[in-house]
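Summary of the model geometry
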There are 2 protein chains.
Amino acid sequence: MSGNTRIAVAIHIMTSLACAGESMTSAELAKSINTNAVVVRRLLCLLAKAGLIECTAGKSGGSVLSRKAENISLADIYNAIAPEESLFAIPEKSANRSCAVSCKMKGLLTKVFGQAEDAVRNQLENVRLSDLAKNIS
Amino acid sequence: MSGNTRIAVAIHIMTSLACAGESMTSAELAKSINTNAVVVRRLLCLLAKAGLIECTAGKSGGSVLSRKAENISLADIYNAIAPEESLFAIPEKSANRSCAVSCKMKGLLTKVFGQAEDAVRNQLENVRLSDLAKNIS
């Protein structure tokens, strides 16, 4: 499967923190996800920047949720990651000025993809982090 | 912007064909999109496989819409491309068997992402190829 795995990893991180109920290090999270701690730390920075987690540096440091899992939706997690990782990308190549379709395409796609991303956000808003955590036995 | 540009390019191809109202070659389409004809031909194959266009080989060949633009939705185009390019990918790495979150994550993400992709399909179903084409002057 191709595509963007960062949202999946971010949701995994947040579910791990919700289930742990205590601080976890990036190494512990990386072990659960079976990925590199560098990947985890980069996502932790985005999640902290969005106010979803609090990170403490140092040897005894780690990350915790900044509010209850009931009060965090998957849309919150998506929004924390999405600015760096759009679902639909528009090619960056310049338009062919002699082609009417080419000249209008970027504007049309921006509108259509914006509506599609809003639909994703609305759907993910309905799922709470606690909904995922309660499925973990 | 990172991410998947193939859906954008496929929509551009289909809008070009809708506006042209006649057969276009992959070279002509590539010129409008400002991309490589190989990229275009790969997408044309998927669009033809989905029954949205008809392609004729040979020197005088090219591609045409197989039905009216009013009867093609952006969801039809998305569905033609999406099997090869999921919006949300789940990491292919195996789960950490000693971690309950890790063991359950793939199943939970598959459900959540499936619902999000359905939301995208429903949104794109509301937009007809003719809606885009009529914006091209």
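Overview of the structure. Note that the structure is predicted; figures quoted are calculated from it, not measured.

Another point: the layout of surface pockets. The space that makes up the largest pocket amounts to roughly 250 Å³. Those elements that place two or more of their residues in the lining of the largest pocket are helix H5 (100–125) of chain A together with helix H1 (6–20) and helix H2 (26–33) of chain B. If you tally residues by element for the lining of the largest pocket, the top one is H5(A), at 5 residues.

All names here are of chain B. The N-to-C vectors of H1 and H2 enclose an angle of 115°; their axes lie 10 Å apart at closest approach. The two elements H1 and H2 meet at a crossing, and its hand is right-handed. Within the contact between the two elements, H1 uses Val9, His12, Ile13, Ser16 and Leu17 and H2 uses Leu29, Ser32 and Ile33. Here the contact of H1 with H2 is composed, by residue class, of 5 nonpolar, 3 polar and no charged.

A separate point is the interface of chain A and chain B. Listed by partner, the interface residues are 52 residues for chain A and 52 residues for chain B. Carbon and sulfur atoms supply 67% of the area buried between chain A and chain B, which totals about 4,500 Å² over both sides. Our count for the contact surface shared by chain A and chain B stands at 10 residue pairs in polar contact (both at pLDDT 80 or more). Among the elements of the structure, helix H1 (6–20), helix H2 (26–33), helix H4 (74–81) and H5 of chain A are those that each provide at least two residues to the side of chain A that touches chain B. For the side of chain A that touches chain B, the per-class residue count stands at 28 nonpolar, 18 polar and 6 charged.

Calculation notes
- Residues numbered from 1 in each chain as written.
- Chains lettered and ligands numbered in written order.
- Predicted model: local features only at pLDDT ≥ 70, side-chain atom pairs only at ≥ 80, totals over all residues.
- Heavy atoms only, no water.
- 1 Å grid on protein atoms, 1.4 Å probe; cavity = no way out; pocket = protein on both sides within 12 Å on 5 of 7 lines; lining within 4 Å.
- Points joined across faces, edges and corners; volume = space filled by probe spheres on them.
- Helix = DSSP H or I, 4+ residues; strand = E, 2+ residues; numbered from the N terminus.
- Axes fitted to C-alpha atoms, helices over the stretch in contact; angles between N-to-C directions.
- Left-handed = near helix turned anticlockwise from the far one by under 90°.
- Contact = heavy atoms within 4.5 Å.
- Nonpolar A, V, L, I, M, F, W, Y, C, P; charged D, E, K, R; others polar.
- Buried area = accessible area lost by both parts, 1.4 Å probe.
- Polar contact = N/O pair within 3.5 Å; in protein donor to acceptor, adjacent residues only side chain to side chain.

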